[in-house]
Amino acid sequence: MQPETHDIMQAEYAKPIKMWTRGVPVEDDAKKQLQNIAQLPFIYKHIAVMPDVHVGKGSTIGSVIPTLGAIIPAAVGVDIGCGMIAAKTTLTANDLPDHLYGWRTAIEKAVPHGLTFKGRDKGSWENPPATVDSAWAQLDPRFQDLCAKHPRFKNTNNYKHLGTLGTGNHFVEVCLDETDAVWFMLHSGSRGVGNAIGCYFIELAKKDMQKFFINLPDKELAYFPEGTEHFDDYVAAVGWAQDFARLNRELMMANVVSAIQAITPKPFTADVEAVNCHHNYVQREHHFGHNVFVTRKGAVAAWPGQMGIIPGSMGARSFIVRGKGEAEAFCSCSHGAGRVMSRTAAKRKFTIADQIEATKDVECRKDKDVIDEIPMAYKDIDAVMRAQADLVDIVHTLKQVVCVKG
Ligand code: 5GP
Ligand code: MN
Ligand code: MN
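Residues numbered from 1 in each chain as written. Chains lettered and ligands numbered in written order. Predicted model: local features only at pLDDT ≥ 70, side-chain atom pairs only at ≥ 80, totals over all residues. Heavy atoms only, no water.

In the nomenclature of an unreviewed UniProt entry, the protein chain is known as 3'-phosphate/5'-hydroxy nucleic acid ligase of Methylocucumis oryzae. The UniProt entry for the protein chain carries this comment under Subunit (unreviewed entry): "Monomer." According to UniProt, the comment filed for the protein chain under the heading Sequence similarities (unreviewed entry) is "Belongs to the RtcB family." (UniProt positions renumbered as here; feature names shortened; annotations may be inferred.)

Structure (structure tokens):
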């Protein structure tokens, strides 16, 4: 099955756009954004577009952008290192309590997350547990190096955000797989500190473009050429924020597991280290014989045999996948179903009754503030999975029974 390369008109000098959409709808605005990216002179070979593609701020969600000699900080975005972690437990469906409300509140207590149906928690720790202290100790030396040059990243909340979920579409779920095994799965990134780093460097890149008299088709695509003043600092800072995000997810997962262990009569274990993947990040990789930077914005690495997570929505199934290592896709796959409509459009179109109906088997929020996350605001995950059958194999199919949204 070949990727679709023919449906986007391109400037002669632009690189090809290879799309794994195959029948999944793509908005015109997303196509326009991709055309702008493909015109940049440092794109390596082509850009690869995943079936969950949709318009993003700065650059398109669901895109894989290989570059040679430059990085676009807005292509990574401001939630640097956002991604997913999943852990299979030794519990099965029979071990679940009759009512899942208790599990939901136990998770809400174990993970500071911003918004609950009862009001806000602070979204950060008042007294971070010892595990947060030791995780921060791992991150701190490199952070001090970054702050020596960029003191504005210093903020006492950085450390209090480690092991916390954040609001929006960040979530913690309890799921059952096709064998009725219980899994925990969660979605989060680098919180306030990643946001500060992302915003700061995006602004610096825009200033550099002015300084170098570079006119871009879209000013959000401002970049750092390798060898210029901020390039190495950005690489160090983004790498640090990605490590923060990965540890953030690990800590939350460990806390979710112990919170449920504390209220479950049957002892159980969870394979906490099984899958932990970023879906907004940049790193050095080797493709087609060259060392390049690969930016995945709403895309997951799918090297041969590599495990990844593709969530559906609050009411749809999610997938644990194994990469097939498709070279043309720069060894990537989608990061979810992707939105079909904006948050505002979803709020206009749907009601609380629709949300209740769409999530009737899920112990989750059903209030008006979560309507922008209604399952119908996302693409059909089955169509998205069919479109990338040459990128990943499905290893497990998960359906949530509890969903805690930030
Ligand atoms: P993003 O990182 O772009 O904000 O979202 C990643 C993907 O997560 C979305 O494209 C969507 O498919 C999926 N998703 C959003 N909310 C939920 C949720 O509550 N539960 C699950 N399982 N998936 C979700
Ligand atoms: Mn995020
Ligand atoms: Mn995300």
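Our focus in this paragraph is the packing of helix α4 (residues 130-149) against helix α7 (residues 231-263). Where α4 contacts α7, the two axes come as close as 10 Å, and the packing angle between them is 170°. With respect to α7, the element α4 is oriented roughly antiparallel. In contact with Thr131, Val132, Ala135, Trp136, Gln138, Leu139, Arg142, Phe143, Leu146 and Lys149 of α4, α7 contributes Asp233, Ala236, Ala237, Gly239, Trp240, Asp243, Phe244, Leu247 and Leu251. Tallied by class, the residues present in the contact of α4 with α7 amount to 12 nonpolar, 3 polar and 4 charged. (Axes fitted to C-alpha atoms, helices over the stretch in contact; angles between N-to-C directions. Helix = DSSP H or I, 4+ residues; strand = E, 2+ residues; numbered from the N terminus. Parallel < 35°, antiparallel > 145°, perpendicular 65-115°, else oblique. Contact = heavy atoms within 4.5 Å. Nonpolar A, V, L, I, M, F, W, Y, C, P; charged D, E, K, R; others polar.)

Let us now look at the coordination of the manganese ion (ligand 2). Summarising the metal site, the manganese ion (ligand 2) is bound by the protein donors Asp79 (OD), Cys82 (SG) and His170 (NE2), whose distances to it range over 2.0 to 2.4 Å. Sequence positions of the donors to the manganese ion (ligand 2) reduce to the motif D-x2-C-x87-H. Between the manganese ion (ligand 2) and the manganese ion (ligand 3), a separation of 3.5 Å is found, and both are coordinated by Cys82. You can see Asp79 sitting in the loop between α2 (73-76) and β5 (83-92) and its partner His170 sitting in the loop between α5 (157-160) and β8 (171-176), a full 91 residues away along the chain. Like Asp79, the residue His170 is buried in the burial classification. (Donors = N, O, S within 2.8 Å, 3.2 Å for Na, K, Ca; no water. Buried < 20%, exposed > 50% of the residue type's maximum accessible area, 1.4 Å probe, protein only.)

Taken together, 19 residues form the shell around ligand 1, and within it Asn169, Glu173, Gly312, His335 and Ala337 come nearest. Here an oxygen atom of ligand 1 and a side-chain polar atom of His335 are 2.6 Å apart. Contact with the protein chains covers 92% of the free accessible surface of ligand 1, which is 510 Å². The set of elements that each furnish at least two residues to the shell around ligand 1 consists of β8, β9 (181-188) and β19 (392-405). (Near = heavy atom within 4 Å. Polar contact = N/O pair within 3.5 Å; in protein donor to acceptor, adjacent residues only side chain to side chain. Areas by Shrake-Rupley, 256 points an atom, 1.4 Å probe, with all protein chains shown as cover.)

Another point: the nonpolar core. For soluble globular proteins, the rule of thumb is that nonpolar side chains tend to be buried together. By size, the foremost hydrophobic cluster in this structure holds 54 residues, and its most contacted members are Leu40, Ile47, Phe143, Leu162, Ile197, Phe201 and Trp240. Counting only elements with at least two residues in this core, the list comes to β1 (17-19), α1 (28-38), β2 (47-54), β4 (70-71), α2, α4, α6 (191-211) and α7. Among the elements that make up this core, the one with the highest residue count is α7 (9 residues). When neighbours within four sequence positions are excluded, Leu40 is seen to be in contact with Ile72, Leu216 and Leu221. Among the nonpolar cores identified, the runner-up in size contains 48 residues, and Cys277, Val300, Ile320 and Ala387 belong to it. (Core = buried A, V, L, I, M, F, W, Y, C linked by side-chain atoms within 4.5 Å.)

This paragraph deals with the side chain of Lys206. By secondary structure assignment, the location of Lys206 is in helix α6. Leaving out residues up to four positions away in the same chain, Lys206 has contacts with Lys219, Glu220 and Ala222.

A few words on the sheet that holds β2. Spatially, 5 strands are ordered β1-β2-β3-β13-β12 in an open sheet, and the strand pairing comes out mixed. Two strands lie at the open edges of the sheet, namely β1 and β12 (280-287), each paired on one side alone. Shown here is a sheet whose adjacent strand axes are inclined to one another by a mean of 25°, direction ignored. The pairing of β2 with strand β3 (residues 61-67) spans 3 bridges and is classified as antiparallel. What sits directly across from Val49, in β3, is Ser63. In the packing of α1 onto the sheet, the strands contacted are β1, β2 and β3, and the crossing angle to β2 comes to about 160°. Each of β12 and β13 (290-297) touches α7; the most contacted strand, β12, lies at about 110° to it. (Pairing = 2+ DSSP bridges.)

Around the manganese ion (ligand 3), the protein contributes the donor atoms Cys82 (SG), His187 (NE2) and His279 (NE2), which lie 2.2 to 2.4 Å from the metal centre. One chain supplies every donor for the manganese ion (ligand 3), spaced along it as C-x104-H-x91-H.

Following the UniProt record, the feature "binding site: Mn(2+) 2" (unreviewed entry) maps to His187 and His279 here. A maximum C-alpha distance of 10.0 Å places the annotated residues, which cover 93 residues in sequence, within one compact spot. With respect to the helices, strands and loops of the structure, His187 is situated in strand β9. If sequence neighbours within four positions are ignored, His187 has contacts with Cys82, Gly83, Met84, Leu165, Asn169, His170, Phe171 and His279. In this structure the side chain of His187 is engaged in a polar contact, spanning 3.0 Å, whose partner is the backbone oxygen of Asn169. Its location among the elements puts His279 in the loop between β11 (275-278) and β12. Relative accessible area serves as the criterion here: at 3%, His279 is assigned to the buried category. Setting aside residues up to four positions removed in sequence, His279 forms contacts with Cys82, Gly83, Met84, His187, Arg296, Lys297, Gly298, Ala299, Val300 and His335.

This part is about the UniProt feature "active site" (unreviewed entry) in the protein chain. Mapped onto this numbering, the UniProt entry annotates "active site" (unreviewed entry) at His335. In this view, His335 contacts Asp52, Ile61, His279, Gly298, Ala299, Val300, Ile310 and Pro311; residues no more than four positions away in its chain are not counted. Within the local environment of His335, its side chain forms a polar contact with the side chain of Asp52, the two groups lying 2.5 Å apart.

Inspection of every chain in the model, using the stated rule, returns 17 aromatic pairs. Between Phe201 and Tyr234, the aromatic rings sit 5.3 Å apart at their centres with planes inclined by 65°, giving edge-to-face as the arrangement. Separated by 33 residues along the polypeptide, Phe201 in helix α6 and Tyr234 in helix α7 bring together distant segments of the chain. No difference in accessibility class separates Phe201 from Tyr234, as the two residues are buried. Geometrically, the ring pair formed by Phe288 and Phe330 is edge-to-face, given 5.9 Å between the ring centres and 85° between the ring planes. Of this pair, Phe288 sits in the loop between β12 and β13 while Phe330 sits in the loop between β16 (317-323) and β17 (332-334); the two residues are 42 residues apart in sequence, bridging distant segments of the chain. For Phe330, a relative accessible area of 0% translates into the label buried. One aromatic cluster in this structure is built from Trp136, Phe143, Tyr159, Trp240 and Phe244. The ring centre of Tyr378 lies 5.0 Å from the NZ or CZ of Arg339, which sits over that ring. (Phe/Tyr/Trp six-rings, centres within 6.5 Å; stacked < 30°, edge-to-face > 60°. Lys NZ or Arg CZ within 6 Å of the ring centre and 35° of its normal.)

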